[in-house]
Amino acid sequence: MSAELSSEISGDDEREWAKRERYEVIAIDVHLDAAASATMARDVRRGLMTIPKEVSPKYFYDERGSRLFERITELEEYYPTRAERQILSERSAEIVAAAGAPTTLVELGSGSAAKTRHLLSAMGEAGCLETYVPVDISEEITQATAARLVDEYPGLVVRGLVCDFEQHLERIPDTGDGRLIAFLGGTIGNLYPYQRRSFMCRIAALMFPGDHFLLGTDLIKDASRLEAAYDDAHGVTAEFNKNVLEVLNRELGADFDLDAFEHVARYDEDAERMDILLRSLADQHVRVERIDLDVEFAAGEELRTEISTKFTRERLEEVYAHAGLQLCGWFTDAAGDYALSLACRPK
Ligand code: SAH
Ligand code: AVI
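What you are looking at is a predicted structure, and each value in this text was computed from that prediction instead of being measured. (Residues numbered from 1 in each chain as written. Chains lettered and ligands numbered in written order. Predicted model: local features only at pLDDT ≥ 70, side-chain atom pairs only at ≥ 80, totals over all residues. Heavy atoms only, no water.)

1. Digging into the overall build of the protein
Selection criterion: Put simply, DSSP marks the helices as runs of H or I at least four residues long and the strands as runs of E at least two long, and each gets a number from the N terminus on. Computation of the radius of gyration draws on C-alpha atoms, with the globule rule given as 2.2 Å multiplied by the number of residues to the power 0.38. For each residue, the accessible area found with a 1.4 Å probe, counting protein chains only, is set against the maximum for its type, and the residue is called buried under 20%, exposed over 50%, and partly exposed in between. Only heavy atoms matter for contacts: two residues are in contact if any of them lie within 4.5 Å across the pair. For the accessible areas, the method is Shrake-Rupley and the probe is 1.4 Å, while residue cover comes only from the protein chains on display. We treat Lys and Arg as the positive residues and Asp and Glu as the negative residues; His and chain ends play no part in the count. Each charge is placed at NZ for Lys, CZ for Arg, CG for Asp and CD for Glu.
Scanning the protein from terminus to terminus reveals eleven helices and 13 strands. Here the C-alpha atoms of the protein give a radius of gyration of 21 Å, agreeing with the 20 Å that 2.2 N^0.38 yields for 347 residues. Overall, the C-alpha framework of the protein stretches about 70 × 50 × 35 Å when taken along its three principal axes. When each of the 347 residues of the protein is scored for burial, the buried share is 52%. Long-range pairs, those at least 24 residues apart, make up 72% of the contacts in the protein with a sequence separation of at least 6. If you sum the accessible surface of the protein, you get close to 15,700 Å²; carbon and sulfur atoms cover 48% of it. Side chains of the protein carry 39 positive and 65 negative charges; the gap between the two charge centres is 3 Å.

2. Thoughts on the pairing of strand β10 (residues 293–297)
As a reminder of what qualifies: A pair of strands is labelled paired if DSSP reports no fewer than 2 bridges between them.
Only one face of β10 is covered, namely the face carrying Leu 293, Val 295 and Phe 297; the face carrying Asp 294 and Glu 296 is uncovered. In the sheet, strand β9 (residues 284–288) pairs with β10 via five bridges, with the strands oriented antiparallel. Its bridge partner lying in β10, His 285 is registered against Glu 296. Between β9 and β10, which pair antiparallel and follow one another directly, the connecting turn spans four residues, one of which, Asp 292, has a positive phi of 50°.

3. Comments concerning the pattern of salt bridges
Short version of the rule: Whenever a carboxyl oxygen of Asp or Glu lies within 4 Å of a side-chain nitrogen of Lys or Arg, that contact is scored as a salt bridge.
Within this structure, the stated rule accounts for 27 salt bridges. The salt bridge partner of Arg 202 is Glu 170, with a shortest N-O separation of 3.1 Å. Remark: Glu 170 occurs in the loop between β4 (157–162) and β5 (179–183) and Arg 202 occurs in helix α8 (residues 193–206); sequence separation between them is 32 residues. One salt-bridge network, held together by shared partners, links Asp 43, Arg 46, Lys 58 and Asp 164.

4. Topic: the site of ligand 2
Operational definition: Note on definitions. A residue lies near a molecule or strand when any single heavy atom of the residue is within 4 Å of it. Think of a polar contact as two N or O atoms within 3.5 Å of one another; within protein, one of them needs to be a possible hydrogen donor and the other a possible acceptor, and neighboring residues in sequence only count if both atoms come from side chains.
Close contacts around ligand 2 come from 13 residues, with Tyr 78, Asn 190, Tyr 230, Glu 306 and Ser 308 the closest. Taking Ser 308, its side chain carries an N or O atom lying 2.6 Å from an oxygen atom of ligand 2. Protein burial of ligand 2: of its 340 Å² of free accessible surface, 97% is covered by the chains. Of all the elements in the fold, those that place two or more residues in the shell around ligand 2 are α4 (63–72), α10 (236–252) and β11 (302–309).

5. Thoughts on the site of ligand 1
Counted only if it meets this: Throughout this entry, Asp, Glu, Lys and Arg are counted as charged residues, while Ala, Val, Leu, Ile, Met, Phe, Trp, Tyr, Cys and Pro are counted as nonpolar. The remaining residues, Gly among them, count as polar.
Near ligand 1 lie 16 residues; those nearest to it are Gly 109, Lys 115, Asp 136, Asp 164 and Phe 165. The side chain of Lys 115 places a nitrogen or oxygen atom 2.6 Å from an oxygen atom of ligand 1. One of the backbone N or O atoms of Ile 137 is found 3.1 Å from a nitrogen atom in ligand 1. Within the complex, the protein chains bury 94% of what would otherwise be the 570 Å² of accessible surface of ligand 1. When grouped by side-chain class, the residues that make up the shell around ligand 1 number six nonpolar, five polar and five charged.

6. Observations regarding the sheet that holds β5
Threshold: Only the contacting stretch of a helix is used when fitting its axis, a line to C-alpha atoms as for every element, and angles between N-to-C directions run 0 to 180 degrees.
The mixed open sheet is built from eight strands, whose spatial order is β1-β4-β3-β2-β5-β6-β13-β12. The sheet is open, and its two borders are formed by β1 (26–30) and β12 (326–332), each paired with just one other strand. Adjacent strand axes in the sheet meet at a mean angle of 15°, parallel and antiparallel pairs treated alike. Sheet topology note: the strand β2 (residues 104–108)/strand β3 (residues 131–136) ladder contains five bridges and is parallel. Within β3, the residue paired with Val 106 across the bridge is Val 133. The strands touched by helix α6 (residues 116–125) are β2, β3, β5 and β6 (212–218); relative to β2, the strand with the most contacts, the crossing angle is about 170°. Across the sheet, α8 touches β2, β5 and β6, and the angle it forms with β5 is around 165°.

7. Brief notes about unusual backbone geometry
With an omega of -10°, the peptide bond between Ile 51 and Pro 52 qualifies as cis. Take Pro 52: it is sitting in the loop between α3 (34–49) and α4. Although it is not a glycine, Asp 292 adopts a positive phi angle of roughly 50°.

8. Let's talk about the layout of surface pockets
Filter applied, for reference: Throughout, the protein atoms alone are placed on a 1 Å grid, and a set of points is a cavity if a 1.4 Å probe fits but cannot get out or a pocket if it is open with protein on both sides within 12 Å along at least five of seven lines; lining residues have an atom within 4 Å of a point. Grid points are joined across faces, edges and corners, and a volume is the space filled by probe spheres set on the points.
Taken as a whole, the second largest pocket spans an internal volume of roughly 620 Å³. Lining the second largest pocket are 25 residues, and of these Leu 32, Ala 36, Met 40, Tyr 59 and Ile 137 sit closest to its centre. Counting only elements with at least two residues in the lining of the second largest pocket, the list comes to α3, α7 (139–152) and α10. The dominant element in the lining of the second largest pocket, judged by the number of residues it contributes, is α3, at five residues. In terms of residue class, the lining of the second largest pocket is built from nine nonpolar, six polar and ten charged.

Next comes the structure, spelled out in structure tokens:
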């Protein structure tokens, strides 16, 4: 609002203007529609008919699932969030400089953007911060995050996208002047290798010269620490895992009995990934009404709900090279548990 204009209004008017301003600086495009429910129906049908059975982790994140994930990030056993926060709090200024002082921060799987503030603040301090583009499948958390950030960063424009980042990456706005595209939290580890390869090629295709990609990845370590991180003593991860069954019950009219499954978290050394599963505690029958599907589970049978791949620097260099990108920055926490890597197009 201009100073001239603000001097003409007061009291209720001023509050009304403040509200209006907020609407003007936040634009969230929602691309989850009838097609998205059809995709979910198709995905779930295919997953429950496959051997071994599986459900995509993107269905974890309804409002309750997003809240449970936030609780996971605070658990003693779940070190990745703390490690990534340490790197961002200490090295964001360096990362922003290495990324060429971008005006726009695009964040895929942004969630509550709790750690992202370090990057936004560093961009603010470098005098380049203009636009933040959160991209997430959960509308509730994206709206709430956008509202909080415009309050915390006066002048920031938020142009969010509620969509599936595996399908709608091309909708990310071209804001000109250099973008930093961040994919934090280790979420890339939740993609299967074939999904990761296609995702990375599409990211590379989106990047203009001068754009940079910042990727958070958990690093390979001792299996016992990994398994504890995904099977905490308070049972929050178990609740998060079982929440996907609640989502299927609500969205697809399924009748999963949550007590008839147990949470399992196992490290697969060959595939270098955690397998997160739900093991059936008995022979049982599940009906998924909305897709007219009957599914049999044998006692002990496992339904895979998520993988969480762990990386090394060498493996990430291969991931980037396959997508035609080049590693141009490597930042780890003091314990070497977690890495943020910066990639760009080769000159
Ligand atoms: N980046 C945050 C949140 C990580 S949790 C952090 O580091 O703490 C993973 C986030 O990705 C959730 O907010 C979830 O809603 C989102 N997400 C998962 N699959 C997605 C998909 N296919 N498309 C868009 N967002 C997705
Ligand atoms: C979002 N993603 C990176 C988390 C992970 O560590 O793979 C999801 C998670 N699943 C169980 N705990 C955390």
